[in-house]
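# Coordinates in review
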Amino acid sequence: FYGAADIILGDAVRIDDFCILSGRIHIGSFVHISAYSALYGSKGIVIKDFSGLSPRVTVFSASDDFSGKYLIGPLVPAKYTHVTGGKVVINKFVQVGAGSVIMPKVFIGEGAAVGALSFVNSNIKAWTVNAGIPAQLIKRRQKGLISKKNKFLKELKSRR
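Scoring rules and cut-offs
- Residues numbered from 1 in each chain as written.
- Predicted model: local features only at pLDDT ≥ 70, side-chain atom pairs only at ≥ 80, totals over all residues.
- Heavy atoms only, no water.
- Core = buried A, V, L, I, M, F, W, Y, C linked by side-chain atoms within 4.5 Å.
- Buried < 20%, exposed > 50% of the residue type's maximum accessible area, 1.4 Å probe, protein only.
- Helix = DSSP H or I, 4+ residues; strand = E, 2+ residues; numbered from the N terminus.
- Contact = heavy atoms within 4.5 Å.
- Polar contact = N/O pair within 3.5 Å; in protein donor to acceptor, adjacent residues only side chain to side chain.
- Salt bridge = Lys/Arg side-chain N within 4 Å of Asp/Glu carboxyl O.
- Phe/Tyr/Trp six-rings, centres within 6.5 Å; stacked < 30°, edge-to-face > 60°.
- Lys NZ or Arg CZ within 6 Å of the ring centre and 35° of its normal.

Counting residues in each nonpolar core, the largest one holds 25 residues, and the members touching the most others are Leu39, Leu53, Val59, Ile90, Ile102 and Ile108. At the level of secondary structure, the elements contributing two or more residues to this core comprise strand 3 (20-27), strand 4 (31-33), strand 5 (38-47) and strand 10 (88-90). Those residues within four positions of Ile102 in sequence are excluded, and the remaining contacts are Thr58, Val59, Phe60, Val88, Ile90, Val96, Ile108 and Val120.

If you want it as structure tokens, here you go:
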């Protein structure tokens, strides 16, 4: 954790070994971030309830300019670089497959799934399955997990 004061965690969050969380990050409840994932949140990252990142997922909220017009990297003064970006939002019930990369200013709609090794550089619509480089719509995703969540929360409440 880098800049832990800017990282907010909900209830029942599991972050596995060897993960990096840096910057302004807000993680909801019942979220799993698998091993070796990295969240670079200088411009903000939000991960909402009941979502997950599979192993080796990387989320960028900012990126250097690789055009060759500017220097890159954190060791160079900002006046010589051109970092751009914006908040990344991963909505409720989203699952991102292993090895995927999410770029800045991306909004992943509720219930969407991203296949393994995908490159997400544009918004993903709710309740869809997407995969590839760049990620593209494969099919619609079912919503049965909503009733499972309701049943789970009801059982959880009755145990307390």
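Turning our eyes to something else, we now look at the side chain of Asp65. Position of Asp65 relative to the elements: it lies in the loop between strand 8 (62-63) and strand 9 (84-85). Within the local environment of Asp65, its side chain forms a polar contact with the side chain of Ser67, the two groups lying 2.7 Å apart. Within the structure, the side chain of Asp65 is placed 3.1 Å from the side chain of His82, a separation counted as a polar contact. Excluding anything up to four places from it in sequence, Asp65 contacts Tyr70, Ile72 and His82.

Mapped onto the elements, Ala135 comes out in the loop between strand 16 (128-131) and strand 17 (136-140). Distance from Ala135 to Ser122, taken between C-alpha atoms, is 8.1 Å for residues 13 residues apart in sequence. Not counting residues within four places of it along the chain, the set of residues in contact with Ala135 comprises Ser118, Phe119, Val120, Ile124 and Asn130.

Applying the stated rule across the entire model yields one salt bridge. Ionic pairing is found between Asp16 and Arg14, a salt bridge with its closest N-O pair at 2.7 Å. For Asp16, a relative accessible area of 19% translates into the label buried.

This part covers the packing of aromatic side chains. The full count for this structure, using the stated rule, is seven aromatic pairs. Judged by centre distance (5.2 Å) and plane angle (85 degrees), the rings of Phe30 and Phe152 are edge-to-face. One end of the pair, Phe30, is in the loop between strand 3 and strand 4; the other, Phe152, is in helix 1 (residues 145-159), and 122 residues separate them in sequence. Judged by its relative accessible area of 30%, Phe152 is partly exposed. With centroids separated by 6.0 Å and ring planes inclined at 20 degrees, the aromatic side chains of Phe50 and Phe93 adopt a geometry described as stacked. Taken together, the residues Phe50 in the loop between strand 5 and strand 6 (52-53) and Phe93 in the loop between strand 10 and strand 11 (95-96) connect sequence positions 43 residues apart. Since its relative accessible area comes to 7%, Phe93 is described here as buried. One aromatic cluster in this structure is built from Phe30, Phe50, Phe93, Trp127 and Phe152. Geometry around Tyr36 places Arg56 over its ring, the cationic atom sitting 4.2 Å from the centre.

Moving on, we come to unusual backbone geometry. The peptide bond linking Ile133 to Pro134 adopts the cis configuration, its omega dihedral lying at -5 degrees. Checked against the element boundaries, Pro134 lands in the loop between strand 16 and strand 17. The phi dihedral of Tyr36 is positive, around 65 degrees, even though this residue is not glycine. Here Tyr36 shows up in the loop between strand 4 and strand 5. Unusually for a residue other than glycine, Lys105 sits at a positive phi of about 65 degrees. By the secondary structure assignment, Lys105 is in the loop between strand 12 (101-102) and strand 13 (107-108).

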